[in-house]
Amino acid sequence: MILAFSIVVIICSLILTLLVLLHKGRGGGLSDLFGGGVSSSLGGSSVAERNLDRITIGVGLIWFAAIVGLGLLYKLG
């Protein structure tokens, strides 16, 4: 069971990294280095961006639940 939770955490971590890198930059910061500053200030959120936000939140919740479950498994046995 611990192995299954560990695999879920690793997969979710990789997916979260990819999803965060796919997000469009908002404001300053490192996103301006890659040319995201000008295009991010034009227009609102598209359907794809909103779906990307929802998927990122969903994967983040799965990651959080797996971390909590893994912690409980280590504590109990």
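Position numbers for residues count from 1 along each chain, tracking the sequence in the order it is written. Thresholds applied to this predicted model are a pLDDT of at least 70 for local features of residues and 80 or more for the giving and counting of side-chain atom pairs; totals over whole chains, interfaces and linings are not thresholded and use all residues. In computing side-chain properties, one takes all heavy atoms of the structure into account and sets aside hydrogens as well as water.

Visitor: In this structure, what is going on with the UniProt feature "transmembrane region" (unreviewed entry) in the chain? I would like to understand it.
Guide: UniProt positions are given in the numbering used here, feature names are shortened, and annotations may be inferred rather than shown by experiment. In the numbering used here, UniProt assigns the "transmembrane region" (unreviewed entry) feature to residues 55-74. Here a helix means four or more residues in a row that DSSP labels H or I, a strand means two or more in a row labelled E, and each is numbered from the N terminus. Between the first and last C-alpha atoms of residues 55-74 the distance is 28 Å; the span itself is 100% helix and 0% strand.

Visitor: What exactly am I supposed to notice about the environment of Gly69 here?
Guide: Along the chain, Gly69 falls in helix H3 (residues 47-76). Only protein chains enter the accessibility calculation, which uses a 1.4 Å probe. A residue is then buried if its area is under 20% of the maximum for its type, exposed if over 50%, and partly exposed in between. Take Gly69: its relative accessible area is 16%, and that puts it in the buried class. The sequence separation of Gly69 and Met1 amounts to 68 residues, and the corresponding C-alpha distance is 9.8 Å.

Visitor: Sorry, what's going on with the packing of helix H1 (residues 2-22) against H3 here?
Guide: To characterise two packed helices, one gives the angle between the axes of the helices and the distance between these axes. Helix axes are fitted to C-alpha atoms over the stretch in contact, other axes to C-alpha atoms as well, and angles between N-to-C directions run from 0 to 180 degrees. Contact geometry for H1 and H3: axes closest at 9 Å, N-to-C directions at 150 degrees. Our classification of the angle between H1 and H3 gives roughly antiparallel. The two elements H1 and H3 meet at a crossing, and its hand is left-handed. Under this grouping Gly is polar, as are all residues other than the nonpolar Ala, Val, Leu, Ile, Met, Phe, Trp, Tyr, Cys and Pro and the charged Asp, Glu, Lys and Arg. In terms of residue class, the contact of H1 with H3 is built from 19 nonpolar, 5 polar and no charged. Throughout, the term roughly parallel applies to angles under 35 degrees, roughly antiparallel to angles over 145, roughly perpendicular to angles from 65 to 115, and oblique to all others. By convention the crossing between two helices is left-handed if the near helix lies anticlockwise of the far one by an angle smaller than a right angle, and right-handed if it lies clockwise.

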